[in-house]
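# Results of the structural survey
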Amino acid sequence: MSLQLTQLPPLPIGFRNGAGFADKDKVYAGLGSLGSKWLRLDTRQPTGWVECADFPGVKRTDPVCVPVSGGCYIFSGAGIAPGSHSLSVLEDGYFYDANRDSWNLVTDDIPVGLLGGAGIELLNKQLVLVGGYNKSVFDTLMQQLSDPLVCGNEAQKLDCLCTFMDQPIEFYGWNDKIYRFDIKTKEWLDIGDNPFEPNCGAGVWRLGNALALIEGEVKPGLRSLQSKLLLLNSEGLVDAAELSPIVEQDPYHEGLAGAYCAELDGLCMMLGGAYFIGSQSNYRDGQYYSHQGLTKTYATKIWQLCGGQWQHVGDLEKGKAYGVCLSISNGIVLVGGEDASGQALTECELISVIR
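In this report, the structure presented in the accompanying data block is examined.

Reading the values: the criteria
- Residues numbered from 1 in each chain as written.
- Predicted model: local features only at pLDDT ≥ 70, side-chain atom pairs only at ≥ 80, totals over all residues.
- Heavy atoms only, no water.
- Helix = DSSP H or I, 4+ residues; strand = E, 2+ residues; numbered from the N terminus.
- Buried < 20%, exposed > 50% of the residue type's maximum accessible area, 1.4 Å probe, protein only.
- Contact = heavy atoms within 4.5 Å.
- Phe/Tyr/Trp six-rings, centres within 6.5 Å; stacked < 30°, edge-to-face > 60°.
- Pairing = 2+ DSSP bridges.
- Axes fitted to C-alpha atoms, helices over the stretch in contact; angles between N-to-C directions.
- Lys, Arg positive; Asp, Glu negative; His and termini not counted.
- Salt bridge = Lys/Arg side-chain N within 4 Å of Asp/Glu carboxyl O.
- Expected span 1.5 Å × (residues − 1).
- Arc of directions from axis to C-beta.
- Polar contact = N/O pair within 3.5 Å; in protein donor to acceptor, adjacent residues only side chain to side chain.

### Let's talk about the environment of Val-150
- Inspection of the secondary structure puts Val-150 in helix H2 (residues 148-151).
- The class for Val-150 is buried, based on a relative accessible area of 12%.
- In the structure, Val-150 is positioned ten residues away from Cys-160 in sequence and 8.2 Å away in space, judged by C-alpha atoms.
- Discounting chain neighbours no more than four positions away, the residues touching Val-150 are Gln-144, Leu-145, Gln-156 and Lys-157.

### Observations concerning the packing of aromatic side chains
- Counting across every chain of the model gives 20 aromatic pairs.
- Taken together, a centroid distance of 6.3 Å and an interplanar angle of 65 degrees make the contact between Phe-21 and Tyr-96 edge-to-face. With Phe-21 in strand S2 (residues 19-23) and Tyr-96 in strand S10 (residues 93-97), this pair connects stretches of sequence that are 75 residues apart. Note on accessibility: Phe-21 and Tyr-96 belong to one class, buried.
- For the pair Tyr-96 and Trp-103, a centre-to-centre distance of 4.9 Å together with 50 degrees between the ring planes defines the contact as tilted.
- Using a relative accessible area of 11% as the deciding quantity, one classes Trp-103 as buried.
- One aromatic cluster in this structure is built from Phe-21, Tyr-28, Trp-38, Phe-55, Tyr-94, Tyr-96 and Trp-103.

### Some remarks on the sheet that holds strand S16 (residues 203-207)
- Taken together, the four strands give an open sheet; going across it, the order is S16-S17-S20-S21, and neighbouring strands pair in antiparallel fashion. Looking at the sheet topology across the chains shown, the edges are occupied by S16 and strand S21 (236-243). Shown here is a sheet whose adjacent strand axes are inclined to one another by a mean of 20 degrees, direction ignored.
- Across five bridges, strand S17 (residues 210-214) lies against strand S20 (residues 227-233) in antiparallel orientation.

### Comments concerning the side chain of Asp-23
- Along the chain, Asp-23 turns up in strand S2.
- Buried charge without a partner: Asp-23 forms no salt bridge, and the closest opposite charge is Lys-24, 5.5 Å away.
- Setting aside anything within four residues of it in sequence, one finds Asp-23 in contact with Tyr-28, Gly-70 and Ala-98.

### Re helix H1 (residues 135-146)
- Between its first and last C-alpha, H1 extends 16 Å over twelve residues, near the 16 Å set by a 1.5 Å rise per residue.
- Residues of H1 that are buried include every one of Phe-138, Asp-139, Leu-141, Met-142 and Leu-145, and no others. Considered in projection along H1, the buried side chains sweep an arc of 160 degrees and stay on one side of the axis.
- Along its buried surface, H1 packs onto strand S8 (78-79), strand S9 (88-89), H2 and helix H3 (154-165).
- If you check the start of H1, you find a side-chain oxygen 3.0 Å away from the backbone N of Ser-136, and it comes from Asn-134.

### Concerning the side chain of Ser-234
- Along the polypeptide, Ser-234 turns up in the loop between S20 and S21.
- Sequence-distant contacts of Ser-234, that is, excluding residues within four places in its chain, are made with Leu-122, Asn-124, Gln-126, Arg-180 and Ile-191.

### Some details on unusual backbone geometry
- Phi at Asn-17 is positive, roughly 55 degrees, even though this residue is not glycine.
- Among the structural elements, Asn-17 can be located in the loop between strand S1 (3-8) and S2.
- Despite not being glycine, Asp-265 shows a phi value in the positive range, around 55 degrees.
- Given a relative accessible area of 44%, Asp-265 falls into the partly exposed group.

### Focus: the sheet that holds strand S22 (residues 260-264)
- Taken in spatial order, the four strands make up an open sheet running S22-S23-S26-S27, and their pairing is antiparallel. Among the strands making up the open sheet, the edge pair consists of S22 and strand S27 (309-315). Taking each pair of neighbouring strands and ignoring which way they run, the sheet shows an average axis angle of 25 degrees.
- Sheet analysis places strand S23 (residues 267-271) next to strand S26 (residues 301-306), joined by four bridges and oriented antiparallel. Counted as the bridge partner of Met-269 is Gln-304 from S26.

### Quick look at the pattern of salt bridges
- For the structure on display, the rule yields 13 salt bridges.
- For Lys-135, the salt bridge identified is with Asp-139, shortest N-O distance 2.7 Å. Placement of the pair is Lys-135 and Asp-139 together in helix H1, with a separation of four residues, close to one helical turn.
- Residue Asp-139 is classed as buried on the basis of its relative accessible area of 10%.
- A salt bridge links Asp-339 to Lys-318, with the nearest nitrogen and oxygen atoms 3.0 Å apart. Here Lys-318 lies in the loop between S27 and strand S28 (324-328) and Asp-339 lies in the loop between strand S29 (331-335) and strand S30 (348-353), a separation of 21 residues in the sequence.
- In this structure, a network of salt bridges that share partners links the residues Lys-318, Lys-320, Asp-339, Glu-347 and Glu-349.

### Focus: the pairing of strand S14 (residues 177-182)
- The buried fraction of S14 amounts to five of the six residues, a majority that puts the element mostly inside the structure.
- Taken together, the five bridges between strand S13 (residues 126-130) and S14 define a ladder with antiparallel strand orientation. Residue pairing in the sheet places Val-128 in a bridge with Arg-180 of S14.
- Here S14 runs beside strand S15 (residues 188-193); their pairing, made up of five bridges, is antiparallel. Bridge pairing in S15 links Ile-178 to Gly-192.

Here it is in structure tokens:
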């Protein structure tokens, strides 16, 4: 497969850790570093990004975005709720109607932390969501870090973070259940256990009633090496399978979080992402703060899942992560993210197949 990269109009300001979806050949992106802004780009007439209706809820990072016909659902994320002075895992969800350019609150009682989780719309118009941070564990850390006695003292702040990071995977208690959200009744239902280790920030590939989760984190700083497939219906899990892992093709692969993941020509593509070289061996050796002292690396490789195996089919011009990746009729669009400089990116690129 030969790939072609085309630059699209840049965003007006840097974008990362937000959400986005594609409605035919129009792409939408917002939240994260864009705050309440919600923007649209028509890739058929790419004259520039247009501001849409602002998001009405609490500004947030890393929400779950579930695309549906004519819009998307935004659930959870991390933000500062009214009356609070620290970040917390948010418990509300909204629907964006692309035809009306309007937002509506659909739930304010999400039963589990979904920050960094993933979701899919089933063919019967139900939503299924997996993964996500444990609200109690996350909120407690944020409260500790916002304590005036801690946030004003670098040594105490570092000690607090080290204690939090130096824990085994089980300590973080990430969501290991599968939840269904009924669009009509607005009710939540626990429909079973996730058979895989719960994670956050995975690459998400949606195909019918199947949800593929590619790697992601299993605890802060430590990536999963697994690619997983969940076949779901409104009653629960129908089947689960572990797909061939990327590490089989690259023995030095450390797993990826915040990678760009989308469908291109019917195949799953995984691009970029971030990781820490040495974190896997550190954790195996009992060093639970597995990325302590390590430098975050931003991947350039473009992976394609073909015939059940991952293939390295190209490279990005530079490593980056934490943007959004959206499938349109003639390729996939990479929106924003960050690179090794740590700055939120304004760039927007179309990756297409050379015929």
